[in-house]
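Spelled out from the first residue to the last, the chains are:
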Amino acid sequence: MTPFELLSLGQYALPAVPDLVVYLHGFRSSSRSVKAQKVIDDFTAAGVGHRLWVPDLPPSPAKALALVEQVVQSRLASNPELGLAFVGSSLGGYYATVLGECHPQARVLLLNPAVKPYDDLVDQLGKKTVYFTEEEFEFVPAYLQELRGMERTSLTAPSRYCLVAAQGDEVLSYATMLARYPGVHQMRLLGSDHAISDFDAHWPLLRLFLGLA
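Figured I'd write up the structure that's included with this text.

With that settled, consider the environment of Arg152. When you line up the elements, Arg152 lands in the loop between helix H5 (141–149) and strand S8 (161–166). Distance in space between the C-alpha atoms of Arg152 and Val98 is 6.0 Å, their sequence separation being 54 residues. If near-sequence neighbours (up to four positions away) are discounted, Arg152 is found in contact with Val98, Glu101, Cys102 and Arg180. Of the polar contacts made by the side chain of Arg152, one reaches the backbone oxygen of Met150; its length is 2.9 Å.

Turning to the pairing of strand S5 (residues 107–111), a few remarks are in order. Side-chain direction in a regular strand flips from residue to residue, so the side chains alternate between the two faces of the sheet. Most of S5 is tucked away: five of the five residues are buried. Of the two faces of S5, the one carrying Arg107, Leu109 and Leu111 and the one carrying Val108 and Leu110 are both buried. Bridge analysis of strand S4 (residues 84–89) against S5 gives five bridges, and the strand direction is parallel. Its bridge partner lying in S5, Phe86 is registered against Val108. Crossover connection from S4 via helix H3 (residues 91–102) to parallel S5: handedness right-handed. One ladder, built from four bridges, connects S5 with S8; its direction is parallel. Bridge pairing in S8 places Val108 opposite Tyr161.

Along the chain, the position of Val98 falls in helix H3. Sequence separation of Val98 and Gln73 is 25 residues, and the distance between their C-alpha atoms is 15 Å. Setting aside residues up to four positions removed in sequence, Val98 forms contacts with Leu65, Met150 and Arg152.

Another point: the pattern of salt bridges. Taken as a whole and assessed by the stated rule, the structure comprises four salt bridges. As a salt-bridge pair, Arg148 and Asp119 come within 3.7 Å of each other at their nearest N and O atoms. Here Arg148, found in helix H5, pairs with Asp119, found in helix H4 (residues 117–120); they are 29 residues apart in sequence, far enough to count as distant. For Asp119, a relative accessible area of 43% gives the class partly exposed.

As a further point, take the packing of aromatic side chains. Counted according to the given criterion, the structure contains five aromatic pairs. With centroids separated by 5.0 Å and ring planes inclined at 75°, the aromatic side chains of Phe27 and Phe139 adopt a geometry described as edge-to-face. Linking Phe27 in the loop between strand S2 (20–24) and helix H1 (34–45) with Phe139 in strand S7 (residues 136–139), this pair joins segments that are 112 residues apart in sequence. Pair check on accessibility: Phe27 and Phe139 agree, each one buried.

The rules behind the values
- Residues numbered from 1 in each chain as written.
- Predicted model: local features only at pLDDT ≥ 70, side-chain atom pairs only at ≥ 80, totals over all residues.
- Heavy atoms only, no water.
- Helix = DSSP H or I, 4+ residues; strand = E, 2+ residues; numbered from the N terminus.
- Contact = heavy atoms within 4.5 Å.
- Polar contact = N/O pair within 3.5 Å; in protein donor to acceptor, adjacent residues only side chain to side chain.
- Buried < 20%, exposed > 50% of the residue type's maximum accessible area, 1.4 Å probe, protein only.
- Pairing = 2+ DSSP bridges.
- Right-handed = clockwise from strand over helix to strand, strands pointing away.
- Salt bridge = Lys/Arg side-chain N within 4 Å of Asp/Glu carboxyl O.
- Phe/Tyr/Trp six-rings, centres within 6.5 Å; stacked < 30°, edge-to-face > 60°.

Read these as geometric descriptors, not functional statements.
Below, the structure written as structure tokens:
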């Protein structure tokens, strides 16, 4: 297991799993990713699989957020006291931050989150395939503008956030992630990689943030 530094996480576990936990995958990823499947399996084994939603997000950032918001708003309409959490990996971490700022009751768990994806993804324009499914899609310049337009540059309540940042991330800047999320609960992985290949080893502690004992 990658050595890590832990800041505050163990003191703030939720007493119960939120009513709705939304897992948001990264760029070119899907609900079939290794991390997503680990989370799905763990929620199912704990008997709370019905509280977890892992959507396959469309390539358009605006449509991705609209998809999630539609479901969240529907649930809020029937239960205004809805317990809510977002888990976001890479680009999904950027989405999770946007959604977390829209829903101040939500907890947000970030796994190597993208900070400025409208810059990071410039070289990804064009036709791409989704990992794990080989489905084809086209990533167009308008999507970069959608990402820029939804950006949130501050956090209203850092205590609602938990950041997992890998020093060995070969795609995103570790230092940039730490600078973007000051004051949040943190697990700093002193190695690992962008995919957090040793996620299984760290998940037993991270799951506490989502109320899974």
